[in-house]
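Tertiary structure, described
Here's the letter readout for the chains.
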Amino acid sequence: MKKKELAHIRKQFKLDHDMLEIFDILNVYIMKETNELYHYERQPFALVEREKQELYMVNFRKLLTGELGQKMFELKFQEEAEEPTRVLLHQGLVTGNPEEWQDLMLLLVEKMLADTKYERDTVVTFVRGQYFKPTKVRNEEAEESEKDEMFSNPFILCSVNSTEHQKKTLMFDYVEREFKYNVFVDPVIKLNTPEQGFFYPSVTDNYSDVNRILYCAGKANDPNLHFIDQVLNAEKTVTAIEERAIFEDIVKEVAGDQLDAATIAHVYEEIHRVIESNEEEEPPKLDYKDVERMLTVSGVENVTPEKVEQAFYNVVDDKSYEIKASSVIPKFTSKSIKIETKIATISVSPQDLKYVRQVNYQGKRCILIEVDEDAVIEGFTLNTETLF
């Protein structure tokens with residue numbers, strides 16, 4: 001799945017959108033005390049009150065919001081899974097019978113309940129529908145509309161949301177003209193903060209890919225590996241943070257633990273250049289040859305393809321492993337790098353890291369930052385001292 005394909009899907013989840021049609025919605029309530037299915041309810045989405053429809057749409061957009069590889073993960077299904085979820089979902093996708101679809105989704109809920117203890121009452125929401133996408137870009141000079149030829153993509157979306165009890169409140173009754181103590185006993189479903197979910201099937205070049213599923217985590221770089229493995233029966237994923245750690249370990253294997261800031265900055269600039277010059281729709285990836293070239297042009301000594309290849313093998317046990325370039329580099333133009341010291345935390349962008357150095361001054365380690373303007377602290381301009 002590409003970034004723009006995910007963005008297209010997310011934009012469809014609005015009321016009265018003519019490129020989206022939702023057929024049915026199924027809500028399942030799970031009690032934390034018994035960890036059992038307490039209640040479920042299915043109905044045509046068109047019959048849901050409009051105010052509820054809007055709340056659901058907000059929930060679905062929230063679920064589908066996030067960066068691929070950080071909060072959204074496109075996963076392959078396991079080949080050897082017993083009673084695979086892939087078969088269950090595919091049956092639910094192609095059936096035209098709402099009751100059969102409901103029964104299949106309830107089987108999936110049973111898998112969610114196995115070996116899992118929910119800390120709060122939880123609501124699992126399923127919807128089935130289809131969205132449309134033009135097969136070609138609209139020609140302004142042509143008489144045909146872009147909607148004359150469309151891709152139709154059936155889907156199943158699942159959102160898992162926890163609940164919370166409202167706080168005790170003091171209220172004023174206008175009719176009785178008195179203050180009242182009120183306790184709301186009904187739990188509130190947290191639709192604005194989905195815990196996790198999925199969108200099936202994934203999409204490749206505008207076509208549904210039934211062999212892949214889009215898993216949506218509640219927080220960036222925090223996928224539920226048990227849910228992925230045991231519920232979805234999908235292959236485990238590597239987060240952006242984990243890929244960055246892999247890259248760092250590979251560089252340390254080749255160049256050692258200590259590098260100056262200029263070298264690190266040069267490496268980041270090379271990675272940024274690869275990302276910016278990429279003309280393919282697929283995000284660029286780095287193999288051992290790419291890493292060898294980047295380290296060499298960045299000034300790291302004694303770098304060879306064989307040395308980097310061995311580092312890949314030592315770290316990930318796979319010489320042909322490819323690292324997603326966007327996972328390795330912090331946000332290039334924002335102050336995404338934190339330099340932690342006992343007395344201060346310095347924030348700097350990767351493109352400005354070249355202006356930072358660690359130096360030895362009078363036997364003490366110091367951070368030296370090159371600036372073009374006077375530094376101002378609490379309205380006072382600092383004097384410029386000549387140290388060397």
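Residues numbered from 1 in each chain as written. Predicted model: local features only at pLDDT ≥ 70, side-chain atom pairs only at ≥ 80, totals over all residues. Heavy atoms only, no water.

**Some thoughts on the overall build of the protein chain**
Within the protein chain, the regular secondary structure consists of 10 helices and 20 strands. Over its C-alpha trace the protein chain gives a radius of gyration of 27 Å, far above what one expects of a compact globule, namely 21 Å for 388 residues. Here the protein chain holds 388 residues, and 38% of them are scored as buried. Summarising the internal contacts of the protein chain: among those between residues at least 6 apart in sequence, 64% fall at separations of at least 24. Accessible surface, the protein chain as shown: approximately 23900 Å² in total, 47% of it carbon and sulfur. (Helix = DSSP H or I, 4+ residues; strand = E, 2+ residues; numbered from the N terminus. Rg over C-alpha atoms; globule rule 2.2 N^0.38 Å. Buried < 20%, exposed > 50% of the residue type's maximum accessible area, 1.4 Å probe, protein only. Contact = heavy atoms within 4.5 Å. Areas by Shrake-Rupley, 256 points an atom, 1.4 Å probe, with all protein chains shown as cover.)

**Re the pattern of salt bridges**
The tally for this structure, following the rule as stated, stands at eight salt bridges. Residue Arg212 pairs with Asp209 through a salt bridge whose shortest N-O separation is 3.3 Å. Among the residues examined, Arg212 registers a relative accessible area of 24% and is labelled partly exposed. On the basis of relative accessibility, which here comes to 16%, the residue Asp209 falls in the buried class. Residue Glu270 is joined to Arg293 by a salt bridge in which the shortest nitrogen-to-oxygen separation is 3.0 Å. You can see Glu270 sitting in helix α7 (residues 261-277) and its partner Arg293 sitting in helix α8 (residues 288-297), a full 23 residues away along the chain. (Salt bridge = Lys/Arg side-chain N within 4 Å of Asp/Glu carboxyl O.)

**Thoughts on unusual backbone geometry**
Of note, the bond from Tyr200 into Pro201 is cis; its omega dihedral lies within 30 degrees of zero at -5°. With respect to the element layout, Pro201 can be found in the loop between β9 (196-200) and β10 (202-204). Even without being glycine, Asn302 reaches a positive phi, approximately 60°. Here Asn302 is to be found in the loop between α8 and α9 (305-316). Although it is not a glycine, Gln362 adopts a positive phi angle of roughly 55°. When you line up the elements, Gln362 lands in the loop between β17 (356-361) and β18 (364-369). What makes Gln362 exposed here is its relative accessible area of 67%.

**Section: the pairing of strand β2 (residues 36-44)**
Relative to β2, strand β1 (residues 20-31) is paired through eight bridges, and the arrangement is antiparallel. Residue pairing across strands places Met31 opposite Glu36, the latter belonging to β2. Following β1, the chain reverses through four residues before pairing antiparallel with β2; Asn35 in that reversal takes a positive phi of roughly 55°. (Pairing = 2+ DSSP bridges.)

**Remarks on the nonpolar core**
By size, the foremost hydrophobic cluster in this structure holds 33 residues, and its most contacted members are Leu89, Met105, Met112, Phe126 and Phe198. The dominant element in this core, judged by the number of residues it contributes, is helix α4 (residues 98-113), at eight residues. Ignoring sequence-local partners within four residues, the contact set of Met112 consists of Tyr118, Val124, Phe126, Cys158, Phe227 and Val231. Counting residues in hydrophobic clusters, the runner-up holds 32 residues, among them Val274, Leu295, Val303 and Ile337. (Core = buried A, V, L, I, M, F, W, Y, C linked by side-chain atoms within 4.5 Å.)

**Section: the state of the cysteines**
Scanning the model with the defined rule gives zero disulfides in all. With no disulfide of its own, Cys158 lies 9.2 Å from the sulfur of Cys216, the closest cysteine sulfur. (Disulfide = S-S within 2.5 Å.)

**Quick word on a negative patch on the surface**
A contiguous patch of negative charge on the surface is contributed by Glu370, Asp372, Glu373 and Asp374. Residue Glu370 is classed as exposed on the basis of its relative accessible area, which comes to 53%. (Patch = residues over 30% accessible without salt bridge, like charges linked within 9 Å, V, L, I, M, F, W, Y side chains within 5 Å. Lys, Arg positive; Asp, Glu negative; His and termini not counted. Charge placed at Lys NZ, Arg CZ, Asp CG, Glu CD.)

**Quick notes on the confidence of the model for the protein chain**
Averaged over every residue, the pLDDT of the protein chain is 89; the share at 70 or more is 95%. Across the protein chain, the element-wise mean pLDDT spans from 81 in strand β7 (residues 178-182) up to 96 in β9. (pLDDT = per-residue confidence, 0-100.)

**A few points about the environment of Ile323**
In this fold, Ile323 is placed in strand β14 (residues 323-324). When the C-alpha atoms of Ile323 and Ile339 are compared, they prove to be 25 Å apart, with 16 residues separating the residues in sequence. Setting aside residues no more than four positions away along its own chain, Ile323 makes contact with Glu243, Ile246, Phe247, Ile250, Pro284, Lys285, Leu286, Phe312 and Val328.

**As for the packing of helix α3 (residues 85-94) against α4**
At a closest axis distance of 9 Å, the pairing of α3 and α4 adopts a crossing angle of 155°. Accordingly, the angle class assigned to the pair α3 and α4 is roughly antiparallel. Helix-helix and strand crossings are classified by hand; for α3 and α4 the assignment is left-handed. Taken together, the residues of α4 that come into contact with α3 (itself represented by Thr85, Leu88, Leu89, Gln91 and Gly92) are Trp101, Leu104, Met105, Leu107, Leu108 and Lys111. Here the residues of the contact of α3 with α4 are counted per class, giving seven nonpolar, three polar and one charged. (Axes fitted to C-alpha atoms, helices over the stretch in contact; angles between N-to-C directions. Parallel < 35°, antiparallel > 145°, perpendicular 65-115°, else oblique. Left-handed = near helix turned anticlockwise from the far one by under 90°. Nonpolar A, V, L, I, M, F, W, Y, C, P; charged D, E, K, R; others polar.)

**What to know about helix α2 (residues 50-63)**
Over its 14 residues, α2 extends 20 Å from the first C-alpha to the last, a length consistent with the 20 Å expected when each residue adds 1.5 Å. Every buried residue of α2 is listed here: Gln53, Tyr56, Met57, Asn59, Phe60 and Leu63. What you see down the axis of α2 is that its buried residues fit within an arc of 160°, all on one side. Contacts made by the buried residues of α2 are with β1, β3 (72-76), β4 (122-134), β5 (150-164), β9 and β12 (212-217). (Expected span 1.5 Å × (residues − 1). Arc of directions from axis to C-beta.)

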